[in-house]
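An overview of the molecular structure
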Amino acid sequence: MKRTEQHASYGGRQEVWVHASSTLGCEMRFGVYLPEPALRGQKCPVLYWLSGLTCTEQNFINKAGAQAHAARHGFIVVAPDTSPRGEAVANDDAYDLGQGAGFYLNATQAPWTPHYRMQDYVAQELPLLIEQHFAASDRRGIFGHSMGGHGALVTALRHPGRYRSVSAFAPIAAPSQVPWGQKALGAYLGPGPEAWRAWDAVALLATARLEKLHLWVDQGDADEFLPQLRPDLLQAACEAAGHPLTLRMQPGHDHSYYFIATFLGEHFDHHAKYLL
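Residues numbered from 1 in each chain as written. Predicted model: local features only at pLDDT ≥ 70, side-chain atom pairs only at ≥ 80, totals over all residues. Heavy atoms only, no water.

**So, the packing of aromatic side chains**
- Following the criterion strictly, the structure yields 14 aromatic pairs and no others.
- Look at Phe 169 and Phe 259: their rings are 5.6 Å apart centre to centre, the planes differ by 85°, and that puts the pair in the edge-to-face class. Remark: Phe 259 occurs in helix 11 (residues 257–275) and Phe 169 occurs in strand 7 (residues 165–169); sequence separation between them is 90 residues. We note that Phe 169, like Phe 259, is buried.
- Here a set of aromatic residues connected by ring pairs shows up, and it is made of Trp 49, Phe 60, Phe 75, Phe 143, Phe 169, Phe 259, Phe 263 and Phe 268. (Phe/Tyr/Trp six-rings, centres within 6.5 Å; stacked < 30°, edge-to-face > 60°. Helix = DSSP H or I, 4+ residues; strand = E, 2+ residues; numbered from the N terminus. Buried < 20%, exposed > 50% of the residue type's maximum accessible area, 1.4 Å probe, protein only.)

Written out as structure tokens, the structure is:
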């Protein structure tokens, strides 16, 4: 591991690290905010943020204003890149497939299989790395935006007991039913719709029997991507499964980081109920 950035912030430190990922077979970057207690060696809960299409680790750490909220609660916040990257990594000219669009799943189709295993990276390799190298406890929460909101919901649902809290901003709630998701799932997993259901939060909710984490979701009602996001399907699936959900439609808000920054503090408060 090599640290490439460090910035003092709210008594703690925002850092960026690069490391060789054995899961993805390439170098990966992640941002990590270390609150003051973590710098002193006190073990702190960890929140994992998953960003959306086209993003890197930089978008969240620069635009969301997360450092103030993390310092207030004493959370370590980890923001990985959204996909494997590099000359040897398969890519596509479109913004919604390939590098920058890993969809937080494990690909089974060529040419994506060798590198596109973002689910294993986010849920397994990265937490092991964080808990080995930083003052991080095993109390974990996960949240994200858009493609990353999909990733947060799916990761929490697929790994009961691994996370104590989950939330999302404008998640792609039912990727198997919308063009963004159908394109990505078809490319990474092949044409079989049954394989897609394992990476679809709405489909997974029907089988979430062992653990029912309270889903906290914010969605802007002026979001130009609403037809791709389908919060209505998420709400219906939660009602059918008896799964706890707080879905807040925020008037006038779009898909941008202005929206995220406005409500991010309330998401931190939600996670604090379960992590502290």
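**So, helix 4 (residues 118–133)**
- Approximately 35° is the largest bend angle found in helix 4, and it occurs at Leu 126, with the proline Pro 127 only one to four residues beyond.
- If you check which residues of helix 4 are buried, you get Met 118, Gln 119, Asp 120, Tyr 121, Val 122, Ala 123, Glu 125, Leu 126, Pro 127, Leu 129 and Ile 130.
- Contacts from the buried residues of helix 4 go to strand 2 (12–21), strand 3 (26–34), strand 4 (44–50), strand 5 (76–80), strand 6 (136–145) and helix 5 (147–158). (Bend = angle between axes of the 7 residues up to and from the residue. Contact = heavy atoms within 4.5 Å.)

**Details of the side chain of Ser 9**
- Here Ser 9 shows up in strand 1 (residues 2–9).
- If sequence neighbours within four positions are ignored, Ser 9 has contacts with Tyr 33 and Gln 67.

**Thoughts on the environment of Pro 251**
- Relative to the helices and strands, Pro 251 is located in the loop between strand 9 (245–250) and helix 11.
- Using a relative accessible area of 61% as the deciding quantity, one classes Pro 251 as exposed.
- Along the backbone, Pro 251 and Glu 36 are 215 residues apart, and their C-alpha atoms lie at a distance of 36 Å.

**Some thoughts on the nonpolar core**
- The biggest cluster of nonpolar side chains holds 93 residues, and the ones touching the most others in it are Phe 30, Phe 60 and Tyr 188.
- A per-element tally of this core places helix 11 first, with eight residues. (Core = buried A, V, L, I, M, F, W, Y, C linked by side-chain atoms within 4.5 Å.)

**Things to note about the pairing of strand 5**
- Of all five residues making up strand 5, five are buried, and the element is well covered by its neighbours.
- Of the strand pairs in this sheet, strand 4 and strand 5 are connected by three bridges, and their pairing is parallel. Along strand 5, the bridge assignment pairs Tyr 48 with Val 78. (Pairing = 2+ DSSP bridges.)

**Quick word on the side chain of Glu 125**
- With respect to the secondary-structure elements, Glu 125 resides in helix 4.
- Buried and without a salt bridge, Glu 125 has Arg 117 as its closest oppositely charged side chain, separated by 9.1 Å.
- One polar contact links Glu 125 to Ser 21, side chain to side chain, over a distance of 2.7 Å.
- Discounting chain neighbours no more than four positions away, the residues touching Glu 125 are His 19, Ala 20, Ser 21, Ser 22, Thr 23, Leu 24 and Asp 120. (Lys, Arg positive; Asp, Glu negative; His and termini not counted. Salt bridge = Lys/Arg side-chain N within 4 Å of Asp/Glu carboxyl O. Polar contact = N/O pair within 3.5 Å; in protein donor to acceptor, adjacent residues only side chain to side chain.)

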